[in-house]
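Survey of secondary and tertiary structure
The chain contents come next:
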Amino acid sequence: MTARPPFTATVLTMFPEAFPGPLGVSLIGTAWRERGLWSLETLDIRAFSDDRRGFLDDTPAGGGPGAVLKADVVARAVDSLSGPQRPLLYMSARGRPLTQARVKEWAKADGVVVLCGRFEGVDQRVLDARGFEEVSVGDAVLAGGEAAAMVAIEACVRLIPGVLGQAESLSSESFEDGLLEHPQYTRPRTFEGLEIPEVLVSGDHKKVAQWRQEQREITTRERRPDLWAAHIAKD
């Protein structure tokens, strides 16, 4: 049986020098550079411009400020890719929210192709024609898609078996079952007069598990009433 190739993240960007950034450090960086559990590629969109100066944008149709990345330039960049079909993601403030459920689906694929916009965005026609999925990492506007792309890629890569080492540590994280994670503590036992909750040093694993579940429910109810409502409805 032929081994499956590693998960490959390809980033289409005007600024390939922005990568790998945080993707190149800690366990995720080691899993890429030393263990080959995933791979990262960057593709400079400027290289696909037919303008000798490398221009790849133009003024918005209908008028208005700023510039828009041209459909033909982005299309040439996307069409230059080979290999198995992968989800096409366009990082956009108007996209559907990035969620753990969606990340888990992407992580099962052979990788992702992530388009980083700039200026006022990308010509809608190429997004529609190539089947890009618009993805938002939060209700805020960034100068470009590079930072958002790193968030999406890291969320996927950390789910690849072997990258983080302890599969069981993933099961109790925020969003895995619709609840946020419980608070964490470690030594020293006393910090600036504040103690680790007594139950966590009691040695009673049943009580610890119960306390953690209660804290998850309290935190979710207070911070994310939308998630709490969905959790209650599911039960």
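Note that the structure is a prediction, hence the values are computed from the model and not measured. (Residues numbered from 1 in each chain as written. Predicted model: local features only at pLDDT ≥ 70, side-chain atom pairs only at ≥ 80, totals over all residues. Heavy atoms only, no water.)

1. A word on the sheet that holds strand β6 (residues 111-116)
- Taken in spatial order, the 5 strands of this open sheet run β2-β1-β6-β5-β7, and their pairing is parallel. Of all the strands in the sheet, just β2 (38-44) and β7 (133-136) have a single pairing partner and so form its edges. Strand-to-strand twist in this sheet, taken as the mean axis angle between neighbours without regard to direction, amounts to 35°.
- Sheet topology places strand β5 (residues 88-97) next to β7; 5 bridges connect them, and they run parallel. Residue pairing in the sheet places methionine 91 in a bridge with valine 135 of β7.
- Contacts from helix α3 (residues 100-107) reach β1 (7-13), β5, β6 and β7 within the one sheet, and its direction differs from that of β7 by about 130°. (Pairing = 2+ DSSP bridges. Helix = DSSP H or I, 4+ residues; strand = E, 2+ residues; numbered from the N terminus. Axes fitted to C-alpha atoms, helices over the stretch in contact; angles between N-to-C directions. Contact = heavy atoms within 4.5 Å.)

2. Considerations on the nonpolar core
- Among the nonpolar cores identified, the biggest contains 30 residues, and Phe7, Phe19, Trp38, Leu40, Val112, Ile153 and Val157 are the most heavily contacted of them.
- Elements with a contribution of two residues or more to this core: β1, α1 (26-33), β2, β5, α3, β6 and α5 (146-157).
- Residue contributions to this core peak at 8 residues, all from α5.
- When neighbours within four sequence positions are excluded, valine 157 is seen to be in contact with Phe7, Ile28, Trp38 and Val163.
- Ranked by size, the runner-up nonpolar core spans 20 residues in total, among them Leu56, Ala77, Leu115 and Leu127. (Core = buried A, V, L, I, M, F, W, Y, C linked by side-chain atoms within 4.5 Å. Buried < 20%, exposed > 50% of the residue type's maximum accessible area, 1.4 Å probe, protein only.)

3. Notes on the pattern of salt bridges
- Counting across every chain of the model gives 12 salt bridges.
- Close ionic contact of arginine 76 with aspartate 72 constitutes a salt bridge, the shortest N to O distance being 4.0 Å. Placement of both arginine 76 and aspartate 72 in helix α2 (residues 71-79) is noted, with a separation of 4 residues, approximately one turn of the helix.
- For aspartate 72, a relative accessible area of 32% gives the class partly exposed.
- A salt bridge links glutamate 133 to arginine 96, with the shortest nitrogen-to-oxygen separation between them at 3.5 Å. Of this pair, glutamate 133 sits in strand β7 while arginine 96 is found in strand β5, placing the two residues 37 residues apart along the sequence.
- Looking at glutamate 133, the relative accessible area reads 24%, which means it is partly exposed.
- Residue classification places arginine 96 among the exposed positions, given a relative accessible area of 52%.
- The network of salt bridges with common partners includes Asp50, Asp72 and Arg76. (Salt bridge = Lys/Arg side-chain N within 4 Å of Asp/Glu carboxyl O.)

4. What to know about the packing of aromatic side chains
- A full pass over the atoms with the stated rule returns 2 aromatic pairs.
- Look at tryptophan 32 and tryptophan 38: their rings are 5.6 Å apart centre to centre, the planes differ by 45°, and that puts the pair in the tilted class.
- Owing to a relative accessible area of 1%, tryptophan 38 belongs among the buried residues under this scheme.
- When the centroid spacing of 6.4 Å and the interplanar angle of 55° are considered together, the rings of tyrosine 185 and tryptophan 211 count as tilted. Taken together, the positions of tyrosine 185 in the loop between α5 and β8 (190-191) and tryptophan 211 in helix α6 (residues 205-223) put the pair 26 residues apart, joining distant regions of the chain. (Phe/Tyr/Trp six-rings, centres within 6.5 Å; stacked < 30°, edge-to-face > 60°.)

5. Some details on α5
- Its 12 residues place the ends of α5 16 Å apart at the C-alpha level, agreeing with the 16 Å of an ideal helix rising 1.5 Å per residue.
- When you tally the buried positions in α5, you get 9 out of 12 residues, the bulk of the element.
- Along α5, the residues that are buried comprise Glu146, Ala148, Ala149, Met150, Ala152, Ile153, Ala155, Cys156 and Val157.
- Considering only its buried residues, α5 is in contact with β1, α1, β2, β5, α3 and β6. (Expected span 1.5 Å × (residues − 1).)

6. Overview of unusual backbone geometry
- Of note, the amide linkage connecting phenylalanine 19 to proline 20 takes the cis form, showing an omega dihedral of 10°.
- Among the secondary structure elements, proline 20 is positioned in the loop between β1 and α1.
- Each neighbour pair has its own omega, and for arginine 187 with proline 188 the value is 10°, a cis peptide bond.
- Checked against the element boundaries, proline 188 lands in the loop between α5 and β8.
- The backbone of serine 26 shows a phi angle near 55°, a positive value even though the residue is not glycine.
- A residue is classified by how much of its surface remains accessible, and serine 26, at 59% relative accessible area, is exposed.

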